[in-house]
Amino acid sequence: MLKLYWADDDCQPPADRGLAYGDGLFETVRVNGDSAPLLVYHLDRLVRDAGRLGISLSRPELESAVAGAMQRYGAIHGGSHWVLKLVVTRGSGGRGYRPAADVSPHLYLFHSVLPPLPPETGVMVDFSRVPLTVNPLLSGIKSLNRLEQVMAAREMKDPTFELLMTNAAGHVVEGTRTNLFLHGPDGWITPPAASLAVSGVMRRKVIECLHAAGEPFRECELQVEDLLGRECQGLYLTNSVLGVVPVRNLAGLDLPVGNRLATICDPHKRPD
């Protein structure tokens, strides 16, 4: 049985394993008025990755809770764009790391206004000095363990919009809050899913759109020089809240800017 907590009503139990150990996952859903174009993708990932962690989630219970949140918080935001955050933890119980056998998962629901969207003319991006380590058992999971991203994000200074992170092999993996797509002479490239700390739902949507459009696409490792080289015809960041974001400057180097990827795949409409 899923235990539901409304963030604006209830206090988090002190023994919650998400608070103590980061034992859980989260999703950040953009809501456009009364609809969430990527909601199915978010719930797919949440249920799948909870299963990978051994947290049993009922899809019907989740859908019911989200429907209640859309009604409850949608009334607050009216017809405007807003953000719904779902946090699932293993629950409370168990002394130390080993969870109790009868622990029940907790679901916390939060809401906030949509943050300012980046300009369509592109953003400034740099590289982080914080290396990204991905445990193969946890690759792609949007877990509550995000300290590397927190430390990297602390380096960010305006007007830099995002920092890209590299792994121990020097491969460019992802941003602190985004996945990336490179457009080159042979088509589209994105780092392999197995190398990612977070495999974003917007990344999934973009890949589906590229395949549907018949665009050449592959997953392969990317080096820093691939992004800064002459063959780069465009670099794009993806995020389920922000959509598709073109990069106009990377580490001081101006890059080609266009709306090609957003034209192929943009499930969000800009606010009026």
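See the structure above.
Keep in mind it's a predicted model, so treat the numbers as computed, not measured.

Student: Which residues make up the environment of Gly258, and what are the values?
Tutor: Along the polypeptide, Gly258 turns up in the loop between β13 (253-254) and α7 (260-264). By relative accessible area, which is 29% here, Gly258 ends up partly exposed. The residues touching Gly258, leaving out its near neighbours within four places in the chain, are Tyr236 and Pro246.

Student: Pulling in residues and values, what's your account of helix α5 (residues 201-212)?
Tutor: Between its terminal C-alpha atoms α5 stretches 17 Å, which fits the 16 Å expected from twelve residues at 1.5 Å a residue. Listed as buried for α5 are Val201, Met202, Arg203, Val206, Ile207, Cys209 and Leu210.

Student: A description of the pattern of salt bridges should follow, citing residues and the corresponding values.
Tutor: When the charged atoms of two side chains lie near each other, side chains of opposite charge can form a pair. Scanning all chains against the criterion turns up twelve salt bridges. A salt bridge links Asp23 to Arg90; the shortest N-O distance between them is 2.6 Å. You can see Asp23 sitting in the loop between α1 (17-21) and β2 (24-32) and its partner Arg90 sitting in the loop between β3 (81-89) and β4 (106-113), a full 67 residues away along the chain. Residue Asp23 shares its accessibility class with Arg90, and that shared class is buried. For Arg129, the salt bridge is made with Glu155, and the minimal N-O distance between the two is 3.3 Å. Placement of Arg129 in the loop between β5 (123-127) and α4 (147-153) and of Glu155 in the loop between α4 and β6 (160-166) is noted, with a sequence separation of 26 residues between them.

Student: A description of unusual backbone geometry should follow, citing residues and the corresponding values.
Tutor: In terms of backbone geometry, most residues other than glycine have negative phi values and most peptide bonds are trans. In the segment running from Asp158 into Pro159, the intervening peptide bond is cis, with an omega of 10°. On the secondary structure map, Pro159 appears in the loop between α4 and β6.

Reading guide: rules and limits
Residues numbered from 1 in each chain as written. Predicted model: local features only at pLDDT ≥ 70, side-chain atom pairs only at ≥ 80, totals over all residues. Heavy atoms only, no water. Helix = DSSP H or I, 4+ residues; strand = E, 2+ residues; numbered from the N terminus. Buried < 20%, exposed > 50% of the residue type's maximum accessible area, 1.4 Å probe, protein only. Contact = heavy atoms within 4.5 Å. Expected span 1.5 Å × (residues − 1). Salt bridge = Lys/Arg side-chain N within 4 Å of Asp/Glu carboxyl O.

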